[in-house]
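Coordinate analysis (summary)
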Amino acid sequence: MPNLRQLFLAHVAQTSDFPLGLEIASSEGMYLYDRQGKAYLDLIAGIGVSSLGHRHPKVVNAAKAQLDKYLHTIVYGEFVLAPQVQLASLIAKQLPAPLDSVYFTNSGTEATEGAMKLAKRYTGRHEFVSATHSYHGSSQGAASLMWPKDFTQAFHPLLPGIKHIEFNSDACLSKITTKTAAVILETVQAEWGLRRPRKAWLQAVRQRCNEVGALLILDEIQAGYGRTGTLWAFEQYGVVPDILLIAKGMGGGMPIGAFVAPKAIMHTLASDPILGHITTFGGHPVSTAAGLATLQAILEENLIAQVPAKEQLFLELLQHPRIVEVRSAGLWLAVELASFNEVQTVIKHCLENGLITDWFLFNDRSLRIAPPLIITEEEIRKACAIVLKGIEQL
Ligand code: PMP
């Protein structure tokens with residue numbers, strides 16, 4: 001009889017030749033547990049998802065309560081579904097005007113796709129401008145925005161009419177023209193190993209979009225939901241996007257995403273053609289119920305206010321001559337080492353010692369730290385001690 005690991009290798013599609021292969025049996029709070037009962041402190045919150053920790057009781061209870069009411073029915077803005085309506089209303093309440101209309105999706109990628117279609121539909125244009133080293137999803141539309149190209153060229157041809165600008169470069173702004181449907185940027189670039197925008201630059205992009213009639217789409221699929229120390233990262237930069245993309249932390253561990261726009265823009269998806277953008281599962285009642293409990297808990301439990309002090313503690317502790325640089329944006333850090341091999345060695349050491357970390361898609365020399373926001377001072381100290389021991393042994 002093949003064991004679970006052998007069946008995994010035989011029948012579950014792998015995305016690299018060296019899967020981590022942890023056998024997960026259960027999870028609770030900051031920890032994942034394997035089949036032998038070994039505890040792993042989860043320093044990456046699933047993968048930027050479980051901001052409230054794993055299986056937060058409020059999220060689990062909300063999902064269970066919804067399971068007992070109804071599961072699936074038409075989800076795309078036809079029926080009045082209480083968990084959807086309540087979540088959309090609460091999201092709108094937490095956003096500046098005029099961002100008040102929420103289109104629910106299953107994932108971040110689908111939020112990107114929907115936003116791209118909305119921008120085309122609203123502006124009547126088809127060109128997009130995105131940043132180098134950006135990641136907005138793996139589907140073909142979202143991958144067209146991606147850079148570096150060696151990640152995507154195996155799948156060409158992708159969408160035409162995509163221009164890339166360098167994040168934080170004023171010189172590139174002239175690429176945003178009257179042909180541009182939308183500029184799409186991560187408010188904080190994630191997979192490049194955490195790069196924050198210059199405030200003046202992001203404001204200049206906003207200004208340029210206004211001048212040429214292009215929409216500004218901000219991708220906060222990873223940066224949103226308190227990760228950077230404010231509910232939305234864009235609050236720190238004095239700009240408001242025309243379309244906001246959210247996902248990951250939104251469902252408290254359940255799959256959900258959304259693109260949010262002013263009703264006047266969003267409503268263009270309702271005609272010519274009607275049903276021009278639909279989804280069978282996006283905004284599923286159980287996911288939206290969990291999403292509502294997640295957002296309520298994040299707001300009630302005062303977690304975001306604690307982010308700067310926790311970030312500071314990480315920065316104080318993560319000091320070592322072999323660390324090239326630490327970049328941070330709230331409870332989100334990239335610890336840059338000298339090479340991919342060094343990062344892999346530290347990740348392996350951490351795993352052996354019950355700590356889960358990762359690297360970044362476009363920056364394999366940096367360790368990814370993105371813990372649940374509930375992480376305590378003691379857990380930060382424990383995690384940093386393990387990371388530093390791993391670095392010490394390089
Ligand atoms: N945008 C950003 C900034 C992301 O980090 C991700 C996921 N890593 C996505 C889009 C795609 O989200 P998903 O994997 O949920 O489709």
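Residues numbered from 1 in each chain as written. Predicted model: local features only at pLDDT ≥ 70, side-chain atom pairs only at ≥ 80, totals over all residues. Heavy atoms only, no water.

**Looking at the environment of Ile-162**
Put simply, the rule is: A helix here means a DSSP run of H or I that spans at least four residues, while a strand means a run of E at least two residues long, and both kinds are numbered starting from the N terminus. For the exposure calls, accessible area comes from a 1.4 Å probe over protein chains only, and a residue counts as buried if that area is under 20% of its type's maximum, exposed if over 50%, partly exposed in between. Contacts are assigned to residue pairs that have any heavy atoms within 4.5 Å of one another.
Of note, Ile-162 is situated in strand E6 (residues 162–165). According to the relative accessible area criterion, Ile-162 is buried, its value standing at 19%. Apart from the residues lying within four places of it in its own chain, the contact partners of Ile-162 are Phe-128, Ser-130, Ser-144 and Leu-145.

**Some details on helix H3 (residues 57–67)**
Put simply, the rule reads: Directions pointing from the helix axis toward each C-beta atom define the arc.
Buried within H3 we find Val-59, Val-60, Ala-63 and Gln-66. In an axial view of H3, the angular spread of the buried residues amounts to 130 degrees, which keeps them on one side of the axis. Buried positions along H3 lie against helix H4 (82–93) and helix H9 (285–300).

**Things to note about the sheet that holds strand E15 (residues 363–369)**
Note the following rule: Only strands that DSSP links by at least two bridges are regarded as paired with each other. To obtain an axis, a line is fitted to C-alpha atoms, over the contacting stretch when the element is a helix, and the angle between two such axes runs from 0 to 180 degrees between their N-to-C directions.
In spatial order, the strands read E11-E12-E15-E14; together these four strands make up an open sheet with antiparallel pairing. Two strands in the sheet have a free side with no partner beyond their single neighbour: strand E11 (325–328) and strand E14 (358–360). Looking at each pair of strands side by side, their axes are set apart by 35 degrees on average, direction ignored. Where E14 and E15 come together, three bridges link them in antiparallel fashion. Across the sheet, Asp-358 pairs through a bridge with Arg-368, a residue of E15. Packed onto the sheet, helix H11 (residues 340–352) meets E14 and E15 and runs at close to 30 degrees relative to E15.

**Remarks on the environment of Gly-114**
Positionally, Gly-114 belongs in helix H5 (residues 108–123). Judged by relative accessible area, Gly-114 falls into the buried class, the value being 0%. Remark: the alpha-carbon pair of Gly-114 and Phe-259, spanning 145 residues in sequence, is separated by 7.1 Å.

**Considerations on the site of the ligand**
Short version of the rule: Throughout, the term near means that a residue has one or more heavy atoms lying within 4 Å of the molecule or strand in question. In protein, a polar contact means a hydrogen-donor-capable atom and an acceptor-capable atom, both N or O and within 3.5 Å, with residues adjacent in sequence counting only if both atoms are side-chain atoms; elsewhere, any N or O pair within 3.5 Å suffices. Accessible surface is estimated by sampling points in the Shrake-Rupley manner with a 1.4 Å probe; for residues, cover comes only from the protein chains shown. Three residue categories are used. Nonpolar comprises Ala, Val, Leu, Ile, Met, Phe, Trp, Tyr, Cys and Pro, charged comprises Asp, Glu, Lys and Arg, and polar comprises the others, including Gly.
Neighbouring residues of the ligand: Ser-107, Gly-108, Thr-109, Tyr-135, His-136, Gly-137, Glu-186, Asp-219, Ile-221, Gln-222 and Lys-248. At a separation of 2.9 Å, an oxygen atom of the ligand approaches a polar backbone atom of Gly-108. Here a nitrogen atom of the ligand and a side-chain polar atom of Lys-248 are 3.4 Å apart. For the ligand, whose unbound accessible area comes to 390 Å², protein coverage reaches 82%. Of the residues that constitute the shell around the ligand, the class distribution is two nonpolar, six polar and three charged.

**Regarding the packing of aromatic side chains**
Note on aromatic pairs: each is described by the distance of the centres and the angle between the planes. What counts here: Under the pairing criterion, centres of Phe, Tyr and Trp rings, with the six-membered ring standing for Trp, must be within 6.5 Å; the plane angle then separates stacked pairs below 30 degrees from edge-to-face pairs above 60, leaving the rest tilted.
Counted by the stated rule, this structure contains seven aromatic pairs. Ring centres of Tyr-225 and Trp-232 lie 5.6 Å apart, and the angle between their planes is 90 degrees; on these two criteria the pair is classed as edge-to-face. Classification of Tyr-225 as buried rests on a relative accessible area of 1%. Of the residues examined, Trp-232 reaches a relative accessible area of 0% and is grouped as buried. Ring geometry for Phe-340 against Trp-359: centres 5.7 Å apart, planes inclined by 75 degrees, an arrangement best described as edge-to-face. Separated by 19 residues along the polypeptide, Phe-340 in helix H11 and Trp-359 in strand E14 bring together distant segments of the chain.

**Let's talk about unusual backbone geometry**
Each neighbour pair has its own omega, and for Ala-97 with Pro-98 the value is 5 degrees, a cis peptide bond. By secondary structure assignment, the location of Pro-98 is in the loop between H4 and strand E4 (101–105). Its identity is not glycine, yet His-133 carries a phi of approximately 65 degrees, on the positive side. Looking at the element boundaries, His-133 is found in the loop between strand E5 (127–131) and helix H6 (140–144). A positive phi angle is found at Leu-275, which is not glycine, with a value near 55 degrees. In this structure, Leu-275 sits in the loop between helix H8 (263–266) and H9. Leu-275 gets classed as partly exposed once you look at its relative accessible area, which sits at 46%.

**Structural notes on the domain arrangement of the protein**
A common way to report how large an interface is uses the accessible area buried once the components associate. Spelled out, the test is: For the purposes of this description, domain bounds are those given by an automatic or database domain assignment. Summed over both partners, buried area is the accessible surface (1.4 Å probe) that two parts give up on being assembled. Salt bridge, as used here, is a side-chain nitrogen of Lys or Arg placed within 4 Å of a carboxyl oxygen of Asp or Glu.
According to the domain assignment, the protein contains domain 1 (4–55 + 303–392) and domain 2 (59–300). Here the C-alpha centroids of domain 1 and domain 2 sit 26 Å apart. Taken residue by residue, the interface counts 28 residues in domain 1 and 32 residues in domain 2. Both faces combined, the contact of domain 1 with domain 2 buries some 2500 Å², and carbon together with sulfur accounts for 64% of it. For the domain 1 face of the interface with domain 2, the top three residues by lost area are Ile-304, Trp-332 and Phe-362, together amounting to 32%. The tally of links from domain 1 across to domain 2 stands at one salt bridge. Linking domain 1 to domain 2 there are twelve residue pairs in polar contact (both at pLDDT 80 or more). Elements supplying a minimum of two residues to the side of domain 1 that touches domain 2: helix H2 (45–48), helix H10 (307–317), E11, strand E12 (333–336) and E15. Per-class residue counts for the side of domain 1 that touches domain 2 are 18 nonpolar, five polar and five charged.

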